[in-house]
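Single-letter residue listing:
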Amino acid sequence: MPTFADLGLAPELLRAVEAEGYTEPTPIQEQAIPHVLAGRDLLGAAQTGTGKTAAFVLPILHRLKPFATPSPSPARHPVRALVLTPTRELAVQIAESSATYGKFLPLRSGVVYGGVPMPPQQKMLLAGLEILIATPGRLLDHAGSKTVNLSQVSVLVLDEADRMLDMGFMPDLKRILALIPKQRQSLLFSATFSEPIRALAQDFLIDPVTVEVARRNQTNENVRQVIMPVDDRRRRALLSDLLRTRNWEQALVFVNRKVEANRLGDFLHRDGHHVVEIHGDKDQKQRNKALAAFKAGEARVMVATDVAARGLDIEGLPAVINYELPFDPEDYVHRIGRTGRAGALGEAVSFVAPNEMEKLALVRKLTKAGLFMEIPVGYEPILLDFPRDLVAKATMTRMNRRSAPVRR
Ligand code: AMP
């Protein structure tokens, strides 16, 4: 097993990594860092939780070290590395990592994203910074108002590129590419290697090294994946009782639609749970507040939609619950990747009603690891439609009931 020092990182970075308590590089770090240090373009397939952020942030900081200067002059701090991410939350997390790993080097990093006022971001940009983390739309706003100059960018990172494509950021990406030098290093990270991602890589990367740490679309092995068959009308009551029964320290609950996030949050609140919600209809301030409360452990439950939860890194999160299965099975992989991170064990429980058999089949195709079926006594539907092999091996789970039973 190589150490971080073996990878050839600068002493300031080794100190920062040690201060974080990392003893050895994760597989993606071990594989990607030497190539990024050597200046190669890179196509990285890595799920969240694999340590991929440090896999690009550390070597970028190393490469920018010759430019590190305590000078206050903005002219001495042009943007040299640009990291594009699909969501605000992910952007904030990468910026935090960049500040953490770079704390012993006089390099500046900062983050811009939409949904908050422009002026504080403009002020930060005008003061100068070497590493800029941004969501595409807001970056273009700043470029349009000439508060940011990207002509000295030498490293470009597209993080969660698959999600950026899903969210329709392609035109924005093209516009941004036109603003940065052609001569540069480009890194593209994606949880999955779909055909559109391969096409994007062909366009954006020159002679890239490919680094793949988990088999394609394979779900995290540290996560115990449970299917709970449920009567479609009893999901809420089951959720509330499951939260009591399992007694996880915290749980992240995924729903498919924004309205459901609100309704479910209200229900859980009335039923005595400390809950926050995070979804696209909340403004940025509310989202930050909810996330902060959850990360600080003040809220035990967070109800989220896929877009809002993209890339979230919640330390030691023990459980993810799929209140319903996602329409896109790749979202399942992302969702359950929020738990079982960095080697910890996690549990992912998915509620599945008989009308979700198609979605279940897609999830089963994608997850090589087995799914366990636990039948929640008193909430289960008729099991005829469920895959026989799952039903045959199912176990019964009694619930700590408090919610009033729903009338049939
Ligand atoms: P990421 O996949 O980048 O979101 O990282 C997932 C988590 O792993 C973060 O909480 C990191 O702080 C943590 N992490 C990253 N690299 C290491 C490492 N080498 N050893 C232990 N933890 C790490």
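Here the structure is shown first, and the text comes after it.
A short tour of the structure in this document, coming up. (Residues numbered from 1 in each chain as written. Predicted model: local features only at pLDDT ≥ 70, side-chain atom pairs only at ≥ 80, totals over all residues. Heavy atoms only, no water.)

## Some remarks on the side chain of Gln121
Phase 1: For Gln121, the position within the fold is in helix α5 (residues 119-127).
Phase 2: In this structure Gln121 comes out as buried when scored by relative accessible area, which is 7%.
Phase 3: A polar contact is formed between the side chain of Gln121 and the backbone oxygen of Tyr113, at a distance of 3.0 Å. (Helix = DSSP H or I, 4+ residues; strand = E, 2+ residues; numbered from the N terminus. Buried < 20%, exposed > 50% of the residue type's maximum accessible area, 1.4 Å probe, protein only. Polar contact = N/O pair within 3.5 Å; in protein donor to acceptor, adjacent residues only side chain to side chain.)

## Observations regarding the pattern of salt bridges
Phase 1: Counting across every chain of the model gives 26 salt bridges.
Phase 2: With a shortest N-O distance of 3.0 Å, Lys52 and Asp159 are connected by a salt bridge. A residue pair is termed long-range when its members are at least 10 positions apart, and Lys52 in helix α3 (residues 52-64) and Asp159 in the loop between β5 (155-158) and α7 (161-166) qualify at 107 residues. In terms of burial, Lys52 and Asp159 fall into one category: buried.
Phase 3: Put simply, Arg224 and Glu374 hold a salt bridge, and the shortest N to O gap is 3.1 Å. In this pair, Arg224 sits in strand β8 (residues 223-229) while Glu374 sits in strand β14 (residues 372-376), placing the two residues 150 residues apart along the sequence.
Phase 4: Look at Arg224 and you get partly exposed, because its relative accessible area is 34%.
Phase 5: In this structure Glu374 comes out as buried when scored by relative accessible area, which is 6%.
Phase 6: By sharing partners, the salt bridges in this structure join Arg224, Arg246, Glu347 and Glu374 into a single network. (Salt bridge = Lys/Arg side-chain N within 4 Å of Asp/Glu carboxyl O.)

## Description of the layout of surface pockets
Phase 1: Reported here for the second largest pocket is a volume of approximately 190 Å³.
Phase 2: Lining the second largest pocket are 13 residues; nearest its centre among them are His77, Pro78, Val79, Leu125 and Asn149.
Phase 3: For the lining of the second largest pocket, the per-class residue count stands at 7 nonpolar, 6 polar and no charged. (1 Å grid on protein atoms, 1.4 Å probe; cavity = no way out; pocket = protein on both sides within 12 Å on 5 of 7 lines; lining within 4 Å. Points joined across faces, edges and corners; volume = space filled by probe spheres on them. Nonpolar A, V, L, I, M, F, W, Y, C, P; charged D, E, K, R; others polar.)

## Points about empty space enclosed by the protein
Phase 1: Taken as a whole, this structure holds 5 cavities of 30 Å³ or more when the rule is applied.
Phase 2: Each pocket or cavity is described by its volume, and for the second largest cavity that value is around 40 Å³.
Phase 3: Forming the boundary of the second largest cavity are Phe56, Val57, Ile60, Val83, Ile94, Ser98 and Ile131.
Phase 4: Put simply, the parts of the chain that give the lining of the second largest cavity at least two residues each are α3 and α4 (88-101).
Phase 5: Of the residues forming the lining of the second largest cavity, the biggest block, 3 residues, is contributed by α3.
Phase 6: Its residues assigned to classes, the lining of the second largest cavity shows 6 nonpolar, 1 polar and no charged.

## Some details on the pairing of strand β12 (residues 319-322)
Phase 1: Of the two faces of β12, the one holding Ala319 and Ile321 and the one holding Val320 and Asn322 are both buried throughout.
Phase 2: Alignment of β12 against strand β13 (residues 346-352), held across 4 bridges, turns out to be parallel. Bridge assignment links Val320 to a residue of β13, and that residue is Ala348. (Pairing = 2+ DSSP bridges.)

## A word on unusual backbone geometry
Phase 1: Of note, the phi angle at Lys146 is positive, near 60°, even though the residue is not glycine.
Phase 2: Along the polypeptide, Lys146 turns up in the loop between α6 (136-144) and β5.
Phase 3: Phi at Asp207 takes a positive value of approximately 45°, unusual for a residue other than glycine.
Phase 4: Structurally, Asp207 is set in the loop between α9 (195-204) and β7 (209-212).

## Overview of the sheet that holds β12
Phase 1: Read from one edge to the other, the open sheet built from 8 strands follows the order β10-β11-β9-β12-β13-β8-β14-β15, with strand pairing classed as parallel. Where the open sheet ends on each side, the last strands, each with one partner, are β10 (275-278) and β15 (395-397). The mean inter-strand angle of the sheet, taken between neighbouring strand axes irrespective of direction, is 25°.
Phase 2: Most of the contacts of helix α14 (residues 329-336) go to β12, to which it runs at about 155°, and overall it touches β8, β9 (251-254), β12 and β13. (Axes fitted to C-alpha atoms, helices over the stretch in contact; angles between N-to-C directions. Contact = heavy atoms within 4.5 Å.)

## Remarks on the sheet that holds β7
Phase 1: The sheet built from 7 strands is open, its strands ordered β3-β4-β2-β5-β6-β1-β7 with parallel pairing. For this open sheet the edge positions go to β3 (109-112) and β7, each flanked by a neighbour on one side alone. Recorded for the sheet is a direction-independent mean angle of 15° between the axes of neighbouring strands.
Phase 2: With 4 bridges connecting them, strand β2 (residues 81-84) and β5 associate as parallel partners. Counterpart to Leu84 in the pairing with β5 is Leu158.
Phase 3: Docked against the sheet, α5 engages β3 and β4 (131-134), running at close to 150° with respect to β3.

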